[in-house]
Amino acid sequence: NAGVMQNPRHLVRRRGQEARLRCSPMKGHSHVYWYRQLPEEGLKFMVYLQKENIIDESGMPKERFSAEFPKEGPSILRIQQVVRGDSAAYFCASSPPTTGYNEQFFGPGTRLTVL
Amino acid sequence: GEDVEQSLFLSVREGDSSVINCTYTDSSSTYLYWYKQEPGAGLQLLTYIFSNMDMKQDQRLTVLLNKKDKHLSLRIADTQTGDSAIYFCAESSYSGSARQLTFGSGTQLTVLP
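Just so it is clear, the structure is predicted and the values come from calculations on it, not from any experiment.

A.B. asks: Explain the overall build of chain B here, please?
C.D. replies: When you go through chain B residue by residue, the secondary structure sums to 0 helices and 11 strands. Listing the helices and strands of chain B from first to last along the sequence gives β-β-β-β-β-β-β-β-β-β-β. Its C-alpha atoms give chain B a radius of gyration of 14 Å, within 12% of the compact-globule value 13 Å for 113 residues. Principal-axis analysis of the C-alpha atoms gives chain B an extent of 45 × 30 × 20 Å. For chain B, the residues scored as buried account for 46% of the 113 residues in total. The contacts of chain B with a sequence gap of at least 6 include a subset with a gap of at least 24, amounting to 56%.

Here it is, written out as structure tokens:
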């Protein structure tokens, strides 16, 4: 059973370009979470999705950021018109549908560098 | 809002015990977690504790929870060089559909030979 997969592992963009980050959850997991880790900091929650639904986007910046988790295919975190402050590691996690203990399995992350 | 705090650095000698501390503010926390992050890698769940427990032991790892003081600690016995990593404390609580984890800023553990 493959773990959570993210690609690309490293992404370089110039200011103003778009960044697309992909996350494939573990098999059988229908819940996906995106977190951002700025240098020297902990992970900050961005968004929680289930298939075709955004459940909690309280951590998403109001502009330029969007996320989706379609019925088929990976979850996508999209950042439009990137700025230098978007440089960070973006981690995806997945969990099975459960109402109790919430173990989130993390992917290796995508390290975004904005030049 | 929720806040989780940790000290930034800890150095120990190989073979000694390491104790990493964490404080949190959300009294409705249901589960508390310890994650390990090695350089360039994602987070690996080490252990977790349910909020109605005081202690949990798992091989070399011991988690202590003082719910009154909102203090969590992770003890690593017989620390090895392979334990060098960043350790994150995290908490989760459930309100409605909220399932997010709130992380501390991480403690960099350095194990000296």
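So much for the structure itself; the text now carries on.
A.B. asks: Explanation requested: the pairing of strand E6 (residues 55–58) of chain B in the structure shown.
C.D. replies: For a regular strand, side-chain orientation follows a simple rule: the groups alternate between the two sheet faces. Residues and elements named next belong to chain B. Alignment of E6 against strand E7 (residues 61–66), held across 4 bridges, turns out to be antiparallel. Within the sheet, the bridge partner assigned to glutamine 57 lies in E7 and is threonine 62. Counting the residues that bridge the hairpin from E6 to E7 gives 2 residues, and of these glutamine 59 lies at a positive phi of roughly 55°.

A.B. asks: Would you explain the state of the cysteines in this entry?
C.D. replies: Applying the stated rule across the entire model yields 2 disulfides over all chains. Between cysteine 23 of chain A and cysteine 92 of chain A runs a disulfide, and the two sulfur atoms are separated by 1.7 Å. Of note, the bridge from cysteine 23 of chain A to cysteine 92 of chain A carries an S-S torsion of about -50° and is left-handed in sense. Taken together, the residues span a long stretch of sequence, with cysteine 23 of chain A in strand E3 (residues 19–24) and cysteine 92 of chain A in strand E9 (residues 88–95) at a distance of 69 residues. We note that cysteine 23 of chain A, like cysteine 92 of chain A, is buried. The residue that forms a disulfide with cysteine 22 of chain B is cysteine 89 of chain B, at a sulfur-sulfur distance of 2.0 Å. Looking along the S-S bond of the cysteine 22 of chain B-cysteine 89 of chain B disulfide, the torsion reads about -60°, which is the left-handed sense.

A.B. asks: Sorry if this is basic, but what is going on with the sheet that holds E3 of chain A here?
C.D. replies: Pairing between sheet strands relies on hydrogen bonds along the backbone, with the strands arranged either parallel or antiparallel. Residue and element names in this part refer to chain A. Read across the sheet, 4 strands follow the order E1-E3-E8-E7 without closing on themselves; strand pairing throughout is antiparallel. Each having just a single partner strand, strand E1 (5–7) and strand E7 (65–68) make up the two edges of the open sheet. Strand-to-strand twist across the sheet, computed as the mean angle between neighbouring axes with direction ignored, equals 15°.

A.B. asks: I'm lost on the interface of chain A and chain B in this one. Help?
C.D. replies: How big an interface is tends to be reported as the loss of accessible area on association of its parts. Counting residues at the interface gives 26 residues for chain A, matched by 20 residues for chain B. Together chain A and chain B conceal approximately 1800 Å² of surface at their shared face, both sides included; 50% is due to carbon and sulfur atoms. Counting across the interface, chain A meets chain B through 0 salt bridges. Our count for the contact surface shared by chain A and chain B stands at 5 residue pairs in polar contact (both at pLDDT 80 or more). Only strand E4 (31–37), strand E5 (43–50), strand E6 (53–56) and E9 of chain A provide two or more residues apiece to the side of chain A that touches chain B. Top contributing element to the side of chain A that touches chain B by residue count: E4 of chain A, with 4 residues. Taken together, the residues of the side of chain A that touches chain B break down into 11 nonpolar, 10 polar and 5 charged.

A.B. asks: Which parts of the structure should I look at to understand the pattern of salt bridges?
C.D. replies: Enumeration over the complete set of coordinates arrives at 5 salt bridges over all chains. For arginine 20 of chain A, the salt bridge identified is with glutamate 18 of chain A, shortest N-O distance 2.8 Å. Relative accessible area serves as the criterion here: at 37%, arginine 20 of chain A is assigned to the partly exposed category. Residue arginine 60 of chain B pairs with aspartate 83 of chain B through a salt bridge whose shortest N-O separation is 2.9 Å. Here aspartate 83 of chain B lies in the loop between strand E8 (71–76) and strand E9 (85–92) and arginine 60 of chain B lies in the loop between E6 and E7, a separation of 23 residues in the sequence. Connected through salt bridges with shared partners, the residues Glu18, Arg20 and Arg78 of chain A form a single ionic network.

A.B. asks: Just to check I follow, could you spell out the side chain of serine 87 of chain A for this structure?
C.D. replies: Residues and elements named next belong to chain A. By secondary structure assignment, the location of serine 87 is in the loop between strand E8 (75–79) and E9. Within polar-contact distance, the side chain of serine 87 engages the backbone nitrogen of valine 114 at 2.9 Å. Contact partners of serine 87, with chain neighbours within four places excluded, come to Leu38, Pro39, Leu112, Thr113 and Val114.

A.B. asks: Honestly, the nonpolar core in this entry has me stumped. Any pointers?
C.D. replies: When a protein is soluble and globular, its nonpolar side chains tend to lie buried together. Core analysis: the biggest nonpolar cluster contains 23 residues, and Trp34, Met46, Leu77 and Tyr90 of chain A have the highest contact counts within it. For this core, the elements supplying multiple residues, two or more each, are E3, E4, E5, E7, E8, E9 and strand E11 (110–114) of chain A. Not counting the four nearest positions on each side in its chain, leucine 77 of chain A is found in contact with Ala19, Arg20, Leu21, Trp34, Met46, Met60, Ser66, Ala67 and Tyr90 of chain A. If you look at the next biggest cluster of nonpolar residues, it comprises 20 residues, including Leu46, Ile49, Cys89 and Val111 of chain B.

Rules used throughout
- Chains are numbered independently. Their residues run from 1 in the order of the written sequence.
- A letter from A marks each chain and a number from 1 marks each ligand, given out in the order of writing.
- For a predicted model such as this one, the threshold for reporting local features is a pLDDT of at least 70, and the threshold for listing and counting side-chain atom pairs is 80 or more; totals across whole chains, interfaces and linings nevertheless cover every residue.
- Side-chain figures throughout are based on the complete set of non-hydrogen atoms in the structure, without hydrogens or water.
- Segments assigned H or I by DSSP are reported as helices when at least four residues long, segments assigned E as strands when at least two residues long, and all are numbered from the N terminus.
- For the radius of gyration, the atoms used are the C-alpha atoms, and the globule rule reads 2.2 Å times the number of residues raised to 0.38.
- Classification of residues uses two cut-offs on accessible area relative to the type maximum, computed with a 1.4 Å probe and protein chains only: under 20% is buried, over 50% is exposed, and between them is partly exposed.
- We call two residues in contact whenever any of their non-hydrogen atoms come within 4.5 Å of each other.
- The pairing criterion is simple: DSSP has to find at least two bridges between the two strands.
- When two cysteine sulfur atoms lie within 2.5 Å, the pair is treated as a disulfide.
- Here the axes come from fitting lines to C-alpha atoms, over the contacting stretch only for helices, and the angles between their N-to-C directions go from 0 to 180 degrees.
- Defined in terms of a 1.4 Å probe, buried area is the accessible area two parts forfeit on being brought together, summed over both.
- Just to be clear on terms, a salt bridge is a Lys or Arg side-chain nitrogen sitting within 4 Å of an Asp or Glu carboxyl oxygen.
- Any pair of N or O atoms that falls within 3.5 Å is considered a polar contact. Within protein, one atom must be able to donate a hydrogen and the other to accept it, and sequence-neighbouring residues count only if both atoms are side-chain atoms.
- Charged residues are taken to be Asp, Glu, Lys and Arg, nonpolar residues to be Ala, Val, Leu, Ile, Met, Phe, Trp, Tyr, Cys and Pro, and polar residues to be all remaining types, Gly included.
- What is meant by a nonpolar core is a set of buried Ala, Val, Leu, Ile, Met, Phe, Trp, Tyr and Cys residues, joined one to another through side-chain atoms within 4.5 Å.

Honestly, it's all geometry; don't read function into it.
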